[in-house]
Every structure is written in C-alpha cells, then in structure tokens.
Amino acid sequence: ADALKVTPGPGRADNQLYNDLGGLTAIEAVVDASLAEIANDLRINLLFAEADMPYLRARLVEQICEATGGPCTYTGLSMEEAHSGQNVSDAEFAFFVEDLIAAMTKLGVPKAKQDALLAVLGPMKPQVVGQ
C-alpha cells in the first residue's frame, strides 16, 4: 500500500512550474487524464497492458511533481531500468507525448504551461527510447 503513495520531498526554490500547473492536485489530474488517454490509444496501450497501473500512477505523479520543483521525491526506477527490454520506438514515445498533450488540453492547461512541462520531461527521451 505504501508503494501507491506519493513520497513527500523537500521541493525546490525554483518551483514556479509546479505552482503554475496548480500543484499536486493538478498534477494528479494530468496523470489520471494521461493514463486514460493511453488506455484508449490503440497505438501504445499494449505497452502498458501488464503494468501495475496504481504503482505507475504514483510514480508518474512523483516524477512530474519533483521535475517541476514540487515537494515530492521520485522513488521509481531510473528511466533506463524502467524501460529496459521494451524497445520503445520514437513513434511510440511521440504517441505517449500526444496523449499527455491531449490530456492537458482537455483539462484546460494553457499551451505555455504544457510546453514548459514538456521541456522538463523531454530530456528523458533518450533514457526511454530504444532501451
């Protein structure tokens, strides 16, 4: 049960994006909406077919919260470890990003804030694709 909780952390002084997105509640909404988009996306939903979705949700919330300067600590595997052997393609990564954007758009996240979040998460691509 503890693995499904979001782990608190110290946060950072540069937490503007975290605050701009609306804090933890808004990040949880983005993650939930993104996972719903992914579940309905026939292009990539099979990549998540055997995933422990409550655990994945908690780690995604932690990861986005920490990456945006929020008071969370990411406790999951490194991106290389998490995606090892999956051979995620560039196209599959792009579909994931499309689903994230669709979720944020449905939630009314302004494009500038979407772009800021994507800029924070984008550098993870080499750690995911082709692993």
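Residues numbered from 1 in each chain as written. Predicted model: local features only at pLDDT ≥ 70, side-chain atom pairs only at ≥ 80, totals over all residues. Heavy atoms only, no water.

Caption draft 1: Spatial organisation of helix H3 (residues 53-67). For H3, spanning 15 residues, the distance from its first C-alpha to its last is 20 Å, which sits close to the expected 21 Å at 1.5 Å a residue. Taken as a whole, H3 has its buried residues at Ala58, Arg59, Leu60, Val61, Glu62, Gln63, Ile64 and Cys65. Close packing links the buried residues of H3 with helix H1 (16-21), helix H2 (23-39), helix H4 (79-83) and helix H6 (111-121). The positive-phi residue at the C-terminal boundary of H3 is glycine 69, with phi of around 95 degrees. (Helix = DSSP H or I, 4+ residues; strand = E, 2+ residues; numbered from the N terminus. Expected span 1.5 Å × (residues − 1). Buried < 20%, exposed > 50% of the residue type's maximum accessible area, 1.4 Å probe, protein only. Contact = heavy atoms within 4.5 Å.)

Caption draft 2: Region of interest: the side chain of threonine 68. Counting through the fold element by element, threonine 68 comes out in the loop between H3 and H4. At 2.9 Å, the side chain of threonine 68 forms a polar contact with the backbone oxygen of isoleucine 64. Beyond its immediate sequence surroundings of up to four residues, threonine 68 is in contact with Arg12, Asp14, Asn15, Leu17, Tyr18, Leu21, Ile27 and Leu117. (Polar contact = N/O pair within 3.5 Å; in protein donor to acceptor, adjacent residues only side chain to side chain.)

Caption draft 3: Just the packing of aromatic side chains, in detail. Going through the model one piece at a time under the given rule, you end up with one aromatic pair. Judged by centre distance (6.5 Å) and plane angle (20 degrees), the rings of phenylalanine 48 and phenylalanine 96 are stacked. Of the two residues, phenylalanine 48 sits in the loop between H2 and H3 while phenylalanine 96 sits in helix H5 (residues 90-106), which places them 48 residues apart along the sequence. Here phenylalanine 96 falls in the partly exposed class, since its relative accessible area comes to 26%. (Phe/Tyr/Trp six-rings, centres within 6.5 Å; stacked < 30°, edge-to-face > 60°.)

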